[in-house]
Amino acid sequence: MRALLVLTVLLLVAPARADDDEKTTKARAEFVLGTEHVQAARWGEAIGAFERSQALRPHPLTVYNIGACERALGRYTRARDRLRTALADEAKGLDATYATEARAWLAQIEALLVHLSIAVSPTTAAVSVDGRPIVNDAWSTGRVAGLAAPGPAQPLAGAKVEVLVDPGPHVFVVAAKGFSEAVINRTFTAGARAELTLDLERLPARVRVRANQPGAVVAIDGLDVGVAPVDLTRPAGLHTVVVRKAGFVSYSTQIDVSPGQESNLSADLEVEKVPLTKRWWFWTAAGVVVSGAAVSTYFLTRPAPDRPAVDGGGLEWAAKVP
Amino acid sequence: MRRLLSLVAIAVACRAAPPPHGEILVVVDTDAPVPGMVSRLRVDLFTADGRWFESREYPARAATDWPLSFSVWTDREDAPSVIRARLRAFPEGRTRAYFGERFRPKLRSPKPILARDLATLCAPPTIELGKLTTLRTGPDDFFSAKCVEAAYRGSAAAARFVLDAEEDITAGVVRGLVGSTRVLIRRSCADETSTVLCDDLPVRLGPGTYDLIVVAGGSRPEQRWSDREILVARTAEWAELARAATPADVQGEPRLLRDGDATPSLEPRPESAIDRLIELHIRPSERAVAHVVLHGACAGTMADLAGGRTCVEEDGVLGAVTAAPLDAWGSAASAKRAFMPPAECPRAPSEGQVCVPGGAFLLGDLASGDPDTPLFTVPEKPAVVEPFLLDRTEMSWKRLRAMIAAGLAPPPPPVSCAAPTDDDMPVTCVTWSYARSVCRFAGGDLPTEAEWEWAASATIERTSKRRFPWGNAPSTGCAAANIMHCPPEVERVHRVDGEPWATSDRTPFGAIGMLGNVREWTVDAAARFDAPAWRGNPVVAPVVDDPDAALHVVRGLAFTTGGTRDGVFGRDQFTAVYGVNDLGFRCAYR
C-alpha cells in the first residue's frame, strides 16, 4: 500500500504548473506531509494531513488515501465510507489501478463489518457508540456507527434498527428522559451478525404533598408517610394520596406519575361540618332552652329583629361586595 | 316545650320583618360530562371597576354535585351594586401557573393553501400588517433562492402585503420552527432579482405591493411540513406585537389583593376550561336567583377578562359580557341543554361492525406521552364525536380480497413485507391513501383521531375515558394484548379476532385489537395538539383534514411496539406513502 500512496504523491506533485494558485501549493504540501506520515505508519497524522489537503483542493485520490489510512487503523466503517466516496468520484480523476484496489478493499471490508440489530425500549431512547451518534448510511438504507463526529447520543427513530459497526470492543450509551442511563460494553468478532436489546429501567417519580393546614397527615396508597409537607420517591404509576386532619374533610386524590416526573400536590382541607345533634353541646343547649323559658321575654321585648341572614347557597359561601 | 317555642316564634313573626340584604344566589350548572370534561368549579369575583376581590375553587366530581350555588350580597341601600363573576368549570389537575391574564383568542384560521410549485406559491393571499398569520409549508422541495451568504432550498409558503408609504419593516417567525426557516421579501414573488430582504432583519421599503416568502429547510419531514406564525410589522412595533402574541411568563395583572397578595398560584388551563364571564346587578334589599349554565361547547374558548367578552354557547365565539337574567327568589334551576351527543347509532351495525356511542371528552392525556416526541398527548383538547359504526376488528386479508373481487383495486406490491400466511391476518404494509380507498369502497372512511381515541377509551357510562380496554391498570407482559415483550414464539402479527386477545383486548362496545396487534391509520394529518391546526379545530367533530399531508397519525400499539404505559392514548405518526408490517387499519361509517 505504501507503494501505491507514493505513486499517488508523484501523480499529484509532479505536474506543477505555472498557474498554480496558493491553495493548490498548500494542498500539495499537505499531501506530501501525509505520505511522509504514511511511510512512518503514523496513520492518524496522515489522515489529518490528507484531510487538510482535501479541504484545500478536493481530489478523489486524497479521499482514497484517507480511506486507506482508516483501513490501516481498523476503522472499517470510516474506510468504507471514504473508499466508496472516492469511487463515486472516480470520473474526477481516480486512476483505474486505484479504483480496482479500492473495490478489492471494499469487498474485504464488507466481510469484516459487524451487522448489528439494535432494539431499544423505550423507542425514544438516544444511543451512542463509542461517544459518537449513529447516523444514516449514505450507501445503504441502514445506519452506521463511527462515522459521525463525537457528540451526544441521538434517538434511533425506530424500535429496531440495523447498524454497521467495526469488529472489536464498543461502548454503547443509551439514555432516555425518565429512564436511567445504561452503559454497555460489547465485543464483536469480524463479520458477525449480532442482536443487541437495550431496555432501560424506568426512573422512579417524586411526589410532593403540601397542605393548607399544619399537622395534616399524608398517606400514600394506604400507608402513612408523614406530616405535610412531605417529599418522597415512589415508583411511577397510579397512587392514591389522602391528606387528613381531625376536624377537616379529608382530601383524597389519585395521581398518575410518569417516570422521573415531579408531582406537586396541594391539599386544601376544608373545615368539617359536624351535624348539630352530634355536637357535644347540643343536648346541653336543649336543656338550657327548656329550663330557661324566661329567655323568651327577651325576644318579646328586644328593640328590633335582625335582617334575615344571607343565603350562601349549597356551597355556603356568601361573598360581600366591597 | 314545643308549645313554648311556637309562642316565641309567633311573637317574633308578629313584629314587622326588616327587608333582606340585596343578594343574588348564583346557581352554576354545566351540560358537559362530569367528571370526564369538568370536575371542579373556580369562581373569581371582580368589582365593576375591575378590582379582583374574591377567588374560590370547589371540587364537584360527581354529576349529582351539580348545580353548585353561592351568593353575592351587599348592604348598600342607595344604589345597585354591579360585579363581574368569572366562572370556570374544568377537569381536575388541568391547571397552570398563574402569571397574570394571558388572553389568547381561539384560532379560527382558514385552511392554508399549500404551494407545490412556483405558480401556486406566487398567487398568495394578502395579509394585514401587524397581524399574526399562519403560513403552512408543504412537503415538496421546489423553491430555491440565493441570498447574500447562502442558497436556500426547501418547501415554501407566501403572503402578500401592501405598503401605502415608505416604512421600516420587520418580518419574522414568531412561533414555529424558527431555526430551519428563512424569510424573504420580494417585489414580485417569481422574480428572484426583485428580492429586497434576505432574512428577518429590518428593511426600509417604499410604498407598493410585496411578497413575503417563507422557505422551510431541514431534512426531516416535520421541519418542512410545518406551520409557522409570521408577523410582518413596522419595525418600531414588531417586538411589542410579537411579545403580545407570545406572552412571557412574568408576574402579571390582575392580582387579588386582600391582606397582602392573595392571588392564587394556579389557574385552570384555558384549552380545557369552560370559561364564562357574567355581570351581576344586585339591587338593594332584593333577593334574586341567577341561573348560569356552563356550556360544553365553550370548552377551550378563553374569556377575555380585560375586554369583557365571553363565550356563551358557541364554540370559539366571544360576545360582550351581559347582565345575568334574574329569576324570583326560590325558583328552580332551568333545564340542562343537551350537549352530549346521543348514544345510539343512526343505523344498526352490520355484520363485523360495532356501534360506538357519541361522546364529549378531553382528547389526549395529561399523564401520557413524552414532550420530546413529535406528537405529544398534551395539551388535551375538548372534543365531541357523534355516534358512528366502526369495524369490530382490523381489516383482514379475507375482507380485502372479497372487496378486490368486487372491483376494488388491489394494493400495490409491498416493498419489504412477507405475504400473509393466513387470510384472517390484518392487512398491513399499505399506504395511507390505499387504506382510505379501501374504507371508502366499503362505504365508510378511516376514523378520525378523535373517533379512534373515543372508541378505544370510552367507558360504558360515557362520562370518562380509560387507558386500556379493560380499565386503567396496566397488564403484565402480553397476557392482555398482542404487544411487544411477548415471548419470541408469540411476538408476531396475529389473526384479527384471535384468542386470547379477542376477549381481553376488547372495548366495552366490542371493538377488538384497538390496543395491540397492529397500529392503525387514522384520517388525520400529523399535528401536535398545540399546533395551530389543532388550536383552530372546532370542539364538535375535530379533524386535521389534509389528504396531501406527508405524515398521518397512527394510533394504538402493535406486536412490535412497547410503551404500554400510555395505553390507547399514545400518538404516533407515519409517512403517508409507505406501509409497514405492523401498521393496519379499520374503517368507520358515519
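The structure under discussion appears in the preceding block.
Heads up: these notes are all about the structure in this document. (Residues numbered from 1 in each chain as written. Chains lettered and ligands numbered in written order. Predicted model: local features only at pLDDT ≥ 70, side-chain atom pairs only at ≥ 80, totals over all residues.)

**Remarks on the overall build of chain A**
Step number 1: Per the secondary structure count, chain A includes 8 helices and 18 strands.
Step number 2: In chain A, buried positions account for 29% of the 322 residues.
Step number 3: Looking at chain A alone, contacts between residues at least 24 apart form 52% of all its contacts between residues at least 6 apart. (Helix = DSSP H or I, 4+ residues; strand = E, 2+ residues; numbered from the N terminus. Buried ≥ 20, exposed ≤ 12 C-beta atoms within 10 Å, placed from the backbone. Contact = placed C-beta atoms within 7 Å.)

**Topic: the sheet that holds strand β17 (residues 262–267) of chain A**
Residues and elements named next belong to chain A.
Step number 1: Overall, mixed pairing links the 3 strands, which are arranged β14-β11-β17 in an open sheet. Edge positions in the open sheet fall to β14 (230–234) and β17, since each of these has one partner strand only. Direction aside, neighbouring strands of the sheet carry axes that sit 20° apart on average.
Step number 2: As paired strands, strand β11 (residues 205–211) and β17 are joined by 6 bridges and run parallel to one another. (Pairing = 2+ DSSP bridges. Axes fitted to C-alpha atoms, helices over the stretch in contact; angles between N-to-C directions.)

**Observations concerning the nonpolar core**
Step number 1: If you look at the biggest cluster of nonpolar residues, it comprises 120 residues, and the most contacted ones within it are V26(B), V72(B), V292(B), A435(B) and A455(B).
Step number 2: A domain split of this core shows at least three residues from each of domain 1 (20–103 + 253–328) and domain 3 (352–413 + 423–590) of chain B.
Step number 3: Leave out the neighbours within four places in its chain, and V26(B) touches S69(B), F70(B), S71(B), V72(B), A85(B), A290(B) and V292(B).
Step number 4: Membership of the second largest hydrophobic core comes to 42 residues, among which are L56(A), A102(A), V144(A) and V165(A). (Core = buried A, V, L, I, M, F, W, Y, C linked by C-beta atoms within 7 Å. Domains from an automatic or database assignment.)

**Some details on the sheet that holds strand β13 (residues 223–227) of chain A**
Residue and element names in this part refer to chain A.
Step number 1: Strand order in the open sheet formed by 4 strands is β13-β12-β15-β16, and the pairing between neighbours is antiparallel. Strand pairing shows two members of the sheet lacking a second neighbour, β13 and β16 (251–257), which therefore form its edges. The sheet shows a mean angle of 25° between the axes of neighbouring strands, taken without regard to direction.
Step number 2: The pairing of strand β12 (residues 217–220) with strand β15 (residues 237–244) spans 4 bridges and is antiparallel. Pairing of I220 across the sheet is with V241, part of β15.

**With respect to unusual backbone geometry**
Step number 1: With an omega dihedral of 0°, the bond running from W66(B) to P67(B) counts as a cis peptide bond.
Step number 2: Structurally, P67(B) can be placed in the loop between β3 (52–59) and β4 (68–74).
Step number 3: Residues V378(B) and P379(B) are joined by a peptide bond in cis, for which omega reads 0°.
Step number 4: Mapping P379(B) onto the fold places it in the loop between β23 (359–363) and β24 (381–385).
Step number 5: Phi is positive for E316(A), which is not a glycine, with a value near 55°.

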